[in-house]
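# Remarks on the overall topology
These are the residues of each chain, in order.
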Amino acid sequence: MDRVLTNAATRSSPVDGGNSGLQAESSSGASSVGAGGCPAYYILECLGEISMKKPPFIENFTGSIIRLATKLASDHSRDASLNFKHRGSVMHHGGASGYQNAFSTPVIDVFEEATAQSTATLVRSSSERYGGTTGENWFQEPGTSLLSLMACIRLVSISSVPFTFNEARKSFFDLLVTILDTSDSIHLLLTITKIIGKWLLETDDLSGPLTMKEARNLLSRLTRLERRGLPEYVIQPV
């Protein structure tokens, strides 16, 4: 398992997840949610199943999982950046009203909603409201690269890494910040919001992994999402 994760973390981007695939998606204004494939996806699914019965088992693979997540997040951020430029071009020529409307959600409501509902439920609700011709591509099922990145984040979040002050913890938290600052995927942003929301709610009784400085930093990142130029139908469920 560890060898597969390590190889996936060091391999070059697949053809269907690179610029060629992105260009085809960008022509229709789609996000990067469906791009790419990851050979380690099956291994991550197996680790997820095992960790539900034997949580300590995941500790054997956290280093490889974080390296893989860093690679996948780098590829995703690159694709998201190109898609952002495409949306900017559309907004410049067609007006911004179709893509961006101001939306503000009280922070406590965000966390209560995120921790109470599944990502699939929130995505489906937003898709039904904003689908149509403008938003339908944003709610397509994510590809294996994005699913693998989401799985990596969930697995590391339930390990000892967030509670252990070492280099792995720093790398993981830097990864979360990078995704919050660059991602255009409603699925990925919701996954991270659920995790951070749970941690922030645990901060008050000192049972969570966050220091007060980290809690403020992640909270500020969450509140900045609506100012990153993402469409309302991506921001609202987050």
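Further up the page is the structure itself.
Report follows, based on the coordinates.

## Observations concerning the pattern of salt bridges
Counted by the stated rule, this structure contains 7 salt bridges. The partner of Arg 78 in a salt bridge is Asp 75, with the nearest N and O atoms 3.7 Å apart. Here Asp 75 and Arg 78 lie together in helix α4 (residues 62-94), a separation of 3 residues that amounts to about one turn. Its salt-bridge partner being Arg 169, residue Glu 214 comes within 2.6 Å of it at the nearest N-O pair. Here Glu 214, found in helix α10 (residues 212-224), pairs with Arg 169, found in helix α8 (residues 167-182); they are 45 residues apart in sequence, far enough to count as distant.

## A word on the nonpolar core
Leu 5, Ile 65, Leu 68, Leu 149, Ile 153 and Phe 172 are the most contacted members of the largest nonpolar core, which has 44 residues in total. Where this core is concerned, the elements lending two or more residues are α1 (2-10), α3 (41-53), α4, α7 (144-157), α8, α9 (186-203) and α10. Take this core: its biggest share by element is 8 residues, from α7. What Leu 68 contacts, discounting residues up to four positions off in sequence, is Leu 5, Ala 8, Ala 9, Cys 38, Ala 40, Leu 44 and Cys 152.

## Some remarks on α1
Of all the residues in α1, the buried ones are Leu 5, Ala 8 and Ala 9. Projected down its long axis, α1 shows its buried positions confined to an angular sector of 100 degrees, all on one face. Exposed and oriented more than 90 degrees from the buried face of α1 are Arg 3 and Thr 10.

## Considerations on the state of the cysteines
The full count for this structure, using the stated rule, is 0 disulfides. Looking at Cys 152, it has no disulfide partner, and the nearest cysteine sulfur is the one in Cys 38, 7.0 Å off. Its relative accessible area of 1% is what places Cys 152 among the buried residues.

## Quick word on α7
One turn of an α-helix holds 3.6 residues; hence residues three or four places apart share an orientation. Under the 1.5 Å per step criterion, the end-to-end length of α7 is 20 Å for 14 residues, consistent within 8% with the ideal 20 Å. Burial runs high along α7: 11 of the 14 residues are buried. Within α7 the residues assigned to the buried category are Ser 145, Leu 146, Ser 148, Leu 149, Met 150, Ala 151, Cys 152, Ile 153, Leu 155, Val 156 and Ser 157.

## Notes on the side chain of Ser 157
For Ser 157, the position within the fold is in helix α7. Each residue touching Ser 157, except ones within four places of it in the same chain, is listed here: Pro 162, Phe 172, Ile 195 and Trp 199.

## Observations concerning the packing of α7 against α9
Taken N-terminus to C-terminus, the directions of α7 and α9 make an angle of 10 degrees; their axes are 9 Å apart at the nearest point. As judged from the angle between their axes, α7 and α9 are roughly parallel. Where α7 abuts α9, its residues Leu 146, Leu 149, Met 150, Ile 153, Arg 154 and Ser 157 lie against His 187, Leu 188, Thr 191, Ile 192, Ile 195 and Trp 199. Looking at the contact of α7 with α9 residue by residue, the class counts come to 8 nonpolar, 3 polar and 1 charged.

Reading the values: rules and limits
Residues numbered from 1 in each chain as written. Predicted model: local features only at pLDDT ≥ 70, side-chain atom pairs only at ≥ 80, totals over all residues. Heavy atoms only, no water. Salt bridge = Lys/Arg side-chain N within 4 Å of Asp/Glu carboxyl O. Helix = DSSP H or I, 4+ residues; strand = E, 2+ residues; numbered from the N terminus. Core = buried A, V, L, I, M, F, W, Y, C linked by side-chain atoms within 4.5 Å. Buried < 20%, exposed > 50% of the residue type's maximum accessible area, 1.4 Å probe, protein only. Contact = heavy atoms within 4.5 Å. Arc of directions from axis to C-beta. Disulfide = S-S within 2.5 Å. Expected span 1.5 Å × (residues − 1). Axes fitted to C-alpha atoms, helices over the stretch in contact; angles between N-to-C directions. Parallel < 35°, antiparallel > 145°, perpendicular 65-115°, else oblique. Nonpolar A, V, L, I, M, F, W, Y, C, P; charged D, E, K, R; others polar.

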